[in-house]
Every structure is written in C-alpha cells, then in structure tokens.
Amino acid sequence: MKKGICILLSSALLMGTVPVYGNDVEQVTHTYRAEVGTKNFYKDDVLQTLDTEIYLKDGYVMLPVRTFFTAVDENAQIIWDREKQVATVWMGQYPIRLDVPQNEIAAASVNINVSGKLEVKEGRLFVPLRNWQEILKRCNYEMDEDSIVWDSEKGEAIVKIGEYVINREQELAKPEITGEGQKPIYLVEPTEAYDFIWNVGDGYFITRTYQNGYKFTILDNTWKVLASFAPGTVYDVGYLGENRFCVYEYEGKVRPDYVVDANGNQLFSVPYDSIGRYYEGLAEVREKTEDGYRYSYIDTEGNLQIPMKYGSARSFSEGLAPVSMSESGIGQYGFIDTKGNVVIEPKYRSADPFREGLAHVQAISGEGFINHQGEEVVPPQYGFVSNFQNGTAFAVTKDQKQILVIDKTGKEVRKLLESTDALSYFYFPESDLMEVDYPQGYQGTGRYYDKNEEISRETYELRSGFSEGLSAVLDKETGKYGYADEQGNMVVSPLFDEAERFSNGYAVVKQMIPNENGTRNVKVGVIKNPVMK
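Here's what I pulled together on the structure shown here. (Residues numbered from 1 in each chain as written. Predicted model: local features only at pLDDT ≥ 70, side-chain atom pairs only at ≥ 80, totals over all residues. Heavy atoms only, no water.)

### A short note on the overall build of the chain
Formally: Comment: elements are numbered from the N terminus, with helices defined as DSSP H or I runs of at least four residues and strands as E runs of at least two. Based on C-alpha atoms, the radius of gyration is set beside the globule rule, defined as 2.2 Å times the residue count to the power 0.38. For every residue, the accessible area obtained with a 1.4 Å probe (protein chains only) is divided by the maximum for its type, and the residue is called buried under 20%, exposed over 50%, and partly exposed between those limits. Working rule for contacts: check all heavy atoms of both residues, and any pair within 4.5 Å makes them a contact. Surface accessibility follows the Shrake-Rupley procedure with a 1.4 Å probe radius. Residue values consider only the protein chains on display as shielding. All tallies of charge rest on Lys and Arg as positive and Asp and Glu as negative; His and the ends of each chain are not included. Just so you know, the charge point we use is NZ for Lys, CZ for Arg, CG for Asp and CD for Glu.
The helix and strand tally for the chain stands at three helices and 53 strands. Compactness check: the chain gives a C-alpha radius of gyration of 27 Å against a globular reference of 24 Å for 533 residues, within 12% of the reference. For the chain, the spread of C-alpha atoms along the three principal axes comes to 80 × 60 × 50 Å. Relative to its 533 residues, the chain shows a buried fraction of 51%. Long-range pairs, those at least 24 residues apart, make up 41% of the contacts in the chain with a sequence separation of at least 6. Of the roughly 25500 Å² of accessible surface on the chain, a fraction of 43% belongs to carbon and sulfur atoms. Distance from the positive charge centre (55 side chains) to the negative charge centre (80 side chains) of the chain: 2 Å.

### Remarks on the packing of aromatic side chains
Here is the rule we go by: Here a Phe, Tyr or Trp ring, Trp counted by its six-membered ring, pairs with any other such ring whose centre lies within 6.5 Å, and the pair is stacked when the planes are under 30 degrees apart, edge-to-face when over 60, and tilted otherwise. Any Lys NZ or Arg CZ found within 6 Å of a ring centre and within 35 degrees of that ring's normal is scored as a charge over the ring.
Tallied over the full model, the rule gives 23 aromatic pairs. Judged by centre distance (5.3 Å) and plane angle (65 degrees), the rings of Phe-205 and Trp-223 are edge-to-face. Of this pair, Phe-205 sits in strand S20 (residues 204-210) while Trp-223 sits in the loop between strand S21 (214-220) and strand S22 (225-229); the two residues are 18 residues apart in sequence, bridging distant segments of the chain. A single burial state applies to Phe-205 and to Trp-223, both of which are buried. Pairing Tyr-297 with Phe-316 gives two aromatic rings, centres 4.8 Å apart and planes at 65 degrees, and the pair type is edge-to-face. Here Tyr-297 is found in strand S29 (residues 293-298), whereas its partner Phe-316 is found in the loop between strand S31 (312-313) and strand S32 (320-324), with 19 residues between them in sequence. We note that Tyr-297, like Phe-316, is buried. Geometry around Tyr-42 places Arg-33 over its ring, the cationic atom sitting 4.2 Å from the centre. Over the ring of Phe-394 we find Lys-451, and its NZ or CZ is 5.4 Å from the ring centre.

### Considerations on the nonpolar core
For clarity, the cut-off: For the purposes of this section, nonpolar cores are sets of buried Ala, Val, Leu, Ile, Met, Phe, Trp, Tyr and Cys residues that join through side-chain atoms within 4.5 Å.
Core analysis: the biggest nonpolar cluster contains 38 residues, and Phe-69, Met-91 and Leu-98 have the highest contact counts within it. Tallying contributions element by element places helix H1 (residues 65-72) first for this core, with five residues. When sequence neighbours within four positions are dropped, the list of residues in contact with Phe-69 reads Ala-76, Ile-78, Val-89, Met-91, Ile-96, Leu-98, Trp-132 and Ile-135.

### Regarding the pairing of strand S52 (residues 506-514)
Selection rule: Between any two strands, at least two bridges found by DSSP are needed for them to pair.
Of all nine residues in S52, seven are buried; the element is thus mostly enclosed. Two elements, strand S51 (residues 498-499) and S52, share two bridges in a ladder whose sense is antiparallel. The residue bridging Ala-499 from the neighbouring strand is Val-509, located in S52. The antiparallel hairpin formed by S51 and S52 contains six residues in its connecting segment, where Asn-504 sits at a positive phi of about 55 degrees. Where S52 and strand S53 (residues 520-528) come together, nine bridges link them in antiparallel fashion.

### Side note on the sheet that holds strand S47 (residues 466-467)
An order of S47-S48-S49-S50 is seen for the four strands of this open sheet, with the pairing classed as antiparallel. The open sheet terminates on both sides in strands that have one partner only, identified here as S47 and strand S50 (490-496). For S47 and strand S48 (residues 470-475), the ladder comprises two bridges, and the chain directions are antiparallel. Note on S48: the bridge partner recorded for Phe-466 is Ser-471.

### Thoughts on the pairing of S50
Buried residues dominate S50, accounting for six of its seven residues. In this sheet, S50 lies alongside strand S49 (residues 480-484) in antiparallel orientation, the contact comprising three bridges. Within the sheet, the bridge partner assigned to Ala-484 lies in S50 and is Met-490. Between S49 and the antiparallel strand that follows it, S50, lie five residues; Gly-488 among them carries a positive phi value of about 90 degrees.

### With respect to unusual backbone geometry
Positive phi values are uncommon outside glycine, yet Asp-202 reaches one of about 60 degrees. As for its placement among the helices and strands, Asp-202 is situated in the loop between strand S19 (196-201) and S20. One non-glycine residue, Asn-390, adopts positive backbone phi at about 55 degrees. Looking at the secondary structure, you find Asn-390 in the loop between strand S39 (384-385) and strand S40 (392-396).

### Quick word on H1
Of all eight residues making up H1, six are buried, and the element is well covered by its neighbours. By the burial criterion, the buried members of H1 are Val-65, Thr-67, Phe-68, Phe-69, Ala-71 and Val-72.

### Points about the environment of Lys-347
Tracing the backbone shows Lys-347 in strand S34 (residues 342-348). Judged by its relative accessible area of 56%, Lys-347 is exposed. Those residues in contact with Lys-347, other than ones at most four positions away along the chain, are Gln-332, Tyr-333 and Glu-376.

### Description of the pattern of salt bridges
Cut-off, in case you're wondering: Within this document, salt bridges are pairs made up of a side-chain nitrogen of Lys or Arg and a carboxyl oxygen of Asp or Glu, the two lying within 4 Å of each other.
Counted according to the given criterion, the structure contains 18 salt bridges. In this structure, Glu-35 engages Arg-33 in a salt bridge whose closest nitrogen and oxygen atoms are separated by 2.8 Å. The same class applies to Glu-35 as to Arg-33, namely buried. Between Arg-314 and Asp-352 there is a salt bridge, with the nearest N and O atoms lying 2.3 Å from each other. In this pair, Arg-314 sits in the loop between S31 and S32 while Asp-352 sits in the loop between strand S35 (350-351) and strand S36 (359-363), placing the two residues 38 residues apart along the sequence. Residue Arg-314 is classed as partly exposed on the basis of its relative accessible area of 33%. One continuous salt-bridge network, built from bridges that share partners, spans Arg-33, Glu-35, Asp-45 and Glu-156.

In structure tokens:
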C-alpha cells in the first residue's frame, strides 16, 4: 500500500467553460474518448485507469461501470451485489440501479429504456454506451442527442458531458492521509457468529443472530452477556438510554411491547403508540386519539409524569422541552419544565431543544434563538440557522444569498458567502460544518464550509465523519476502510468493507468474504479506539 493515500482525488481538468451565474457558477463540458479493443479510456485527453478492454457487442460499445462513473464523478459510490448481480451507484444525491439478470436500469428512481444488454465479463460490470446519455441526464448532467459520437473507422466513441462547477480563484485544499496505520485492537474479531452488532451507546451492545428465529443479546463493553432473548421470542430490541431497552415481540409492530433494564428484567409494559429516548430522566411518549396523536413524558419506571395533552413534543435538554399546544401538532410551540409547567409561552411555528443555553425557534418572521427566559437574544430574522456550537452558529439570510457566522448575541462574526442568486439547499451534518447547493442541483454546485472559510468537498466529507478523534476513510487502492486522525495520519489500517463511527470508545466494522460461487459471507466485529485512554 502506498505511504500517502489521497482520500478523494482532485477533479480533472475543466474544458469548454461557459459562465452562467455571474461569477459564481460555470457550465463546463468534459470530453471522454473510448478506444474499442483497448484499455484506452480518456477524460479530457487524460488516460484513466482501466484494467479490462472496451469491446463491441451487438453493435454497442461496452464500457465498464466503475471506470465510467468514477471518471464522471470521482466521488461516486458503487455497491456491487455479486450474488444478485445488481449494482447500486450513488452520483451525489442520485441513485442508479443496474440489474443484470433483469436487464433493467433505474436512474434517479426512474426506469429507463435499456439499449442492448448489461453484461458481467471478467468480473466487471459493463453497460452499453448508448444508455449513459439517459442515466447522466437523470443525474442532472447536460447531454443531448449529439453528445455521443461513434467513429467506426477509428473504432472509438466520443462522449461530451456538461456539468456545473463553482468558479473559484484558486483550488481548495484537499486532505491527504499518510501512513499505513496500525493493526486494529479488537473487542470482538470479525466473525459470522452474529448477523448484526449495534453499538447503542453508554457502553452497551445489542447483537442479533438467526437460529430458527431471531436471537437478541445485550452485552457490555467487556463483551459480557447481560441479557439474552431466546430465538423467536422477540422481533427487535432497541436502546432508550439511561439503562433502558425496549422490546418488540412481533414483526411489523410500531410500538414496543415492554421495557427492560440492562439485565433483561421487565420493568413495565408500554401502552403507548411510541416511546422516545430518555433524556434527563424523561422520555416522550405518544398515544393515538380520534383526532390524531397526543404526547407527554414518562420516567424510567414507566410512570406518566405530565398529562397527555400536547400536539407534539421533543426531548428535554437543560431542564426544558419544546412542546406544541396545537391539537394538530403544527405551530404554537413553547417550553415546559420537568413538572409540566409552561415556562416559555407557546407562540412559535417550531422549536428545538436547548443547546449551550439557547434554543432554535421559528416564527413567521424567520428563524432565531431564545434563552431560558424566553427572550429573543437572536431575533427570528434568518431563513435558516444551525445550532450553536462553541459559541457560534451558521445563519442564512431570508433572501438565501448570504451565509454568515453569528455569535450568541446575534452579532455577525464573519460573512462566508454572498451569492448573486438564491441558494437552494442547506444541510448541517454537524454544527460546525455546512453544505450548500445552487438551484441547478447537485452536480458541481455544492459548496462546503466550516466556521472560518469555504472548504473542499473532500475535507467536508472527512471532517463530517469524525467521532472521538477518528474518521473512517476509504483507501482507493485497496477499496477498504480504515480510520484517520485530524492531522491526516492513518491510525487504524484499512482492512474493512464497512466502518461505523466510534461511540464510547468502540466502532462496529464489517468484512466481506467472497465465495467461489459468487456469494459472500459477512463478518462483523468491534474495534477499540486506539487514541482513547
């Protein structure tokens, strides 16, 4: 394995640029060239990695799926089900499904008419070139009837694909991971003994195996079995927090049947339609009525602590919980304390739990923040705001043209972006990261920010994956996941086909073991966080 591993490679050279959104966004056209009977596949005259030949079948140029998708979008995610011979590809937010046995293609959840036949050859999935036009159009790329040209004399196909990209003065820095990492420290080595392992938090794990019915176990972080449910006796087990677990007895049930402690001792039955997670000793519950639903809160022994009268309710935080006094659960949000006393009058369209002393609220005038006394310390005047973290939050103006960072008084700390046109999509995976899209859609128009500046998509994806100091990263040379730290050092060697986030010092990992008949076995295990003491 190479000493330096680039998590996500930088974009290829842009050609044929046409400005469309003032100085913000450009439309560019890439040219792809495939030489039949060779391994020569070019993007803008740059040779792409290809380990199998392009060929003709029934008059169609056959291109390998992985090579073409990753040439168009280096961050395309491709999942191949060898047993079913079905590929699922994600081009940004757009899913593509390629079903070889059925010879079917669905792009952006819409079936398209397939030209020719999909084929698996030498372990690679090939798709006739003619289908790429409709696939990419569905994924918001610019293509027309003249975008694909076949030169029979030269035996080559030319494809022109247009997309939107951000016009920047300079390229944004991309992270690079160095080192090979150390061998993982296992709590549980990957094994087929479990179908699933869930790291549910607070030092607990839930496992599931199938033995003439589902068998569930609750274990602690020494892998000691605390409780076991015999095969076929329960359908699901979930964690509610504060050492409480909910148990579902039958498939398809919306609500759990009863709640147990970590040792499996039944504490109380659940007469409610649903139960939420415990926070500060209380969990919201819901019951169905003739008019809809009503919400309230129970304690860890199942006792109803507050009358069942709210149209909607969210979790407690900092001693208060947002609830809706509206029968429909829409609007009229205020805050109650743990005794059910109304502390902040219900007058908001929506409200979130408190964080760092402030709660995010939405009014007719926009979004802002209130304190524990109900004072609007940041007046509801923004189109969107994130939660506060370390004293600052993102704020988007109502015209959706500016992105700001504000402090807890509402003062502007800095302006991150001022666009010539309204932006269309905002996402906060963490309170210190933000994703923004332009109206044209996903391809090329995403911008990413931390609280200081714009960052590359690659940096955003790395940093949004961090938990307890480590982030799962893909080694594109091996196709396996490992874990890297914030300085770019590979800490845990890339050995896994799936790698989850760390929680309480542990992460669940999976390895896929291929069989000779094309199927694969899944081994699931648990590793320890080597940077935590």
